[in-house]
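Summary of structural features
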Amino acid sequence: NARGEGEGEGGGGAQTGDEWNLPCDYIDRVTKVDRQVKKLSKIDLYRPFTLSDQGMERWRSIADFYGISDDFPHSQLLAHSEKMNIITFVTRESMKVILAAGHESNDVSIVSAGLRMLKYNTSGGQAVCDYRLCLEALPRLMPYMTKRIVSVSRQVFEQFLETGRIEMDDVLEKLALGSFVVQLESDAHAAVVAWRGRSSVSLWIGKEDAQSTLDRVRAAQMQ
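Report on the accompanying structure. (Residues numbered from 1 in each chain as written. Predicted model: local features only at pLDDT ≥ 70, side-chain atom pairs only at ≥ 80, totals over all residues. Heavy atoms only, no water.)

**Describing the packing of aromatic side chains**
Per the counting criterion, the structure on display carries six aromatic pairs. Cluster of aromatic residues (ring-pair linked, three or more members): Trp 59, Phe 72, Phe 89 and Tyr 144. (Phe/Tyr/Trp six-rings, centres within 6.5 Å; stacked < 30°, edge-to-face > 60°.)

Written out as structure tokens, the structure reads:
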């Protein structure tokens, strides 16, 4: 059969992947990498929280609301994105690495790090502090807290975990609106996050965490 123009030696026909010795899935790989790069470029990265004036101002408000003592290592806090909606806590060694590399450097991009401690929770201006506590942070943060901790009996604590509600008393009536800790009076390690609303108090953790805490409290009582 006769060959068309451009198909002969020195012709301008397109060359295939085989002629360039490229893997047959080369185009697919390049396309996948390109998609991943674009996806990463849209991720909000973490940055040191109290290094900026805005971050330090927010921290002072948080510390005052929860009565967090001055010896809490706030320099180990990271903020998620410039909006600072999520605040996490990292080890001193991790923060040294972050600061040494430069938190805005291309050499290090922090996508996920640390223990989640605080989360921005819009209350529509009802609460003095819009940052609520995270359950996983309580063991690390509570030793430094001098406010917003309410101790209750075992009966009230278990009922709170089961129903998600707790009756208002004199102590809760005087409590300012916002996030706080409810702990078992006989075991300071048994504690959960709650939210003081205008006329009620709600459990502010997931059902699985509530059930896990309830099971742990009951198991400890049987020992």
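**So, the sheet that holds strand β4 (residues 115-120)**
Spatially, β1-β2-β3-β4-β5 is the arrangement adopted by the five strands of the open sheet, whose pairing is antiparallel. Unpaired on one side and paired on the other, β1 (46-48) and β5 (131-133) mark the two borders of the sheet. Pairs of neighbouring strands in the sheet enclose a mean axial angle of 35°, with direction left out of account. Contacts from helix α2 (residues 53-66) reach β2 (77-80), β4 and β5, with the element oriented near 50° to β5. (Pairing = 2+ DSSP bridges. Helix = DSSP H or I, 4+ residues; strand = E, 2+ residues; numbered from the N terminus. Axes fitted to C-alpha atoms, helices over the stretch in contact; angles between N-to-C directions. Contact = heavy atoms within 4.5 Å.)

**Let's talk about the pairing of strand β8 (residues 178-184)**
Burial runs high along β8: seven of the seven residues are buried. When β8 meets strand β9 (residues 187-196), the two strands line up antiparallel, connected through seven bridges. For Val 182, the partnering residue across the bridge sits in β9 and is Val 192. Counting the residues between successive antiparallel strands, the hairpin from β8 to β9 contains two residues. (Buried < 20%, exposed > 50% of the residue type's maximum accessible area, 1.4 Å probe, protein only.)

**What about unusual backbone geometry?**
Even without being glycine, Met 84 reaches a positive phi, approximately 60°. Relative to the helices and strands, Met 84 resides in the loop between β2 and β3 (86-89). Overall, Met 84 belongs to the buried group, its relative accessible area being 6%. The backbone of Arg 148 shows a phi angle near 65°, a positive value even though the residue is not glycine. If you trace the backbone, Arg 148 turns up in the loop between α4 (138-141) and β6 (149-152).

**Structural notes on the layout of surface pockets**
Gaps between atoms show up when a probe of the same size as a water molecule is rolled over them. Space inside the largest pocket adds up to approximately 270 Å³. Taken together, the elements giving at least two residues each to the lining of the largest pocket come down to α4, β9 and α7 (207-222). Examining the composition of the lining of the largest pocket, we find that four residues originate from one element, α7, more than from any other. In this structure, the second largest pocket spans a volume of roughly 150 Å³. What lines the second largest pocket is simply Leu 161, Glu 162, Thr 163, Gly 164, Leu 203, Ile 205, Gly 206, Lys 207, Ala 210, Gln 211 and Leu 214. (1 Å grid on protein atoms, 1.4 Å probe; cavity = no way out; pocket = protein on both sides within 12 Å on 5 of 7 lines; lining within 4 Å. Points joined across faces, edges and corners; volume = space filled by probe spheres on them.)

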